[in-house]
Amino acid sequence: MDTAVLPRINFTLRGVLAACAVFLLLALAAAIWQYKPYYDGMAKDRAEVNYIIGVLRGNTGLSAAEEGRLAHHIFKESRAYSLDPIFVLALIKTESRYNNWSRSGKGAMGLMQILPDTGKELAETLRFEWKGKETLLNPYTNVKFGIHYYSALRGRFNNDTRISLSAYNAGPARVRRELPKSAIPSSSADRLASRTYAQKVLNNYRELKERANT
């Protein structure tokens, strides 16, 4: 081979390699740009789960490992029903102050304070094995039941948050519509308690949301 040709071949080869390198860099940049929202979303989700763990820590009566699992469970179940996990956290705070072993004077149990009769119906709907009222002290089952129940109420009451919360608190049979965006239980005492409850959940939600965003 003519030795004069070698420099030209080497020059051409270097050019091809440089072009390939540029192409690969551009392809990598395009891929990063395309998937950036996905990775940003994953980072945001992790931050939200960690925030929920921080809120639950030491308040549930559960072990640290169970609280971590519970935080992931709250996040996953909330997203499955298109609910903000922080809103569900606010509902749990209002119902039980995050105490898994909480029981009300009326017999409601667990994190989301579900009555045994309601729990049994939810178990049938969701095809869960019902082992009696103690089933509601399983935090993961309780949260699943509570989120499903609240979501069903939202569907029943046209996605009206205040009415749905009032129905969650007082029972759907005791809530009827009179005016738009009003929840009117059967008696004036129920009406006041129901509205106070809904506002308490919304206040807790605002507080938790503000803390999460700082």
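Counting of residues starts from 1 at the beginning of each chain's written sequence and follows it residue by residue. Owing to the predicted nature of the model, reporting of local features is limited to residues with pLDDT of at least 70; listing and counting of side-chain atom pairs is limited to 80 or more, with chain, interface and lining totals taken over all residues. Each side-chain value is derived from all of the structure's non-hydrogen atoms; neither hydrogens nor water enter the calculation.

Draft legend 1. Summary view of the overall build of the protein chain. When helices and strands are counted, the protein chain shows seven helices and two strands. The buried share of the protein chain, reckoned over its 214 residues, is 41%. For the protein chain, restricting intrachain contacts to residue pairs at least 6 apart in sequence, the fraction spanning at least 24 positions comes to 50%. A total accessible area of about 12,800 Å² is found for the protein chain, and carbon and sulfur atoms account for 57% of it. Numbered from the N terminus, helices here are DSSP runs of H or I no shorter than four residues, and strands are runs of E no shorter than two. For the exposure calls, accessible area comes from a 1.4 Å probe over protein chains only, and a residue counts as buried if that area is under 20% of its type's maximum, exposed if over 50%, partly exposed in between. Whether two residues are in contact is decided by their heavy atoms, any of which lying within 4.5 Å being enough. Here the accessible surface of atoms and residues is derived via Shrake-Rupley with a 1.4 Å probe, and residues count as covered only by protein chains that are part of the display.

Draft legend 2. Structural detail: the pattern of salt bridges. One speaks of a salt bridge when a side-chain nitrogen belonging to Lys or Arg is within 4 Å of a carboxyl oxygen belonging to Asp or Glu. Applying the stated criterion to the full structure yields six salt bridges. Ionic pairing is found between K93 and E207, a salt bridge with its closest N-O pair at 3.7 Å. Linking K93 in helix α3 (residues 85–96) with E207 in helix α7 (residues 188–212), this pair joins segments that are 114 residues apart in sequence. A relative accessible area of 8% means that K93 is categorised as buried. E207 sits in the partly exposed class, given a relative accessible area of 35%. A salt bridge links R103 to E134; the nearest nitrogen and oxygen atoms lie 3.5 Å apart.

Draft legend 3. Molecular detail of unusual backbone geometry. One non-glycine residue, S82, lies in positive phi territory at about 60 degrees. Accessibility expressed as a relative area gives 69% for S82, which makes it exposed. Here the phi dihedral of Q113 falls at roughly 50 degrees; this positive angle occurs in a residue that is not glycine. Under the relative-accessibility criterion, Q113 is labelled buried at 11%.

Draft legend 4. Geometry of helix α2 (residues 64–80). For a helix, the expected span equals 1.5 Å multiplied by the number of residues minus one. Along its 17 residues, α2 runs 24 Å from first to last C-alpha, staying within 8% of the 24 Å computed at 1.5 Å per residue. Within the span of α2, buried status applies to E67, G68, L70, A71, H73, I74, F75, E77 and S78. Of the residues trailing α2, S82 is marked for its positive phi of about 60 degrees.

Draft legend 5. Layout of the nonpolar core. Here, nonpolar core refers to any group of buried Ala, Val, Leu, Ile, Met, Phe, Trp, Tyr and Cys residues whose side-chain atoms link them within 4.5 Å. The biggest cluster of nonpolar side chains holds 47 residues, and the ones touching the most others in it are I74, L89, M112, L165 and Y168. Secondary structure elements with two or more residues in this core: α1 (5–56), α2, α3, α4 (116–126), α5 (139–156), α6 (161–170) and α7. When neighbours within four sequence positions are excluded, M112 is seen to be in contact with V88, L91, I92, E95, N142, V143, G146, I147 and Y168.

Draft legend 6. Region of interest: the packing of aromatic side chains. When the centres of two rings from Phe, Tyr and Trp lie within 6.5 Å, Trp using its six-membered ring, the rings pair. Their planes under 30 degrees apart give stacked, over 60 give edge-to-face, and anything left gives tilted. Under the counting rule described, the total for this entry stands at five aromatic pairs. Ring centres of F87 and Y205 lie 5.4 Å apart, and the angle between their planes is 85 degrees; this geometry places the pair in the edge-to-face category. Separated by 118 residues along the polypeptide, F87 in helix α3 and Y205 in helix α7 bring together distant segments of the chain. Pairing Y149 with Y168 gives two aromatic rings, centres 5.5 Å apart and planes at 45 degrees, and the pair type is tilted. In this pair, Y149 sits in helix α5 while Y168 sits in helix α6, placing the two residues 19 residues apart along the sequence. Taken individually, Y149 and Y168 each receive the classification buried, so the pair is uniform in this respect.

Read these as geometric descriptors, not functional statements.
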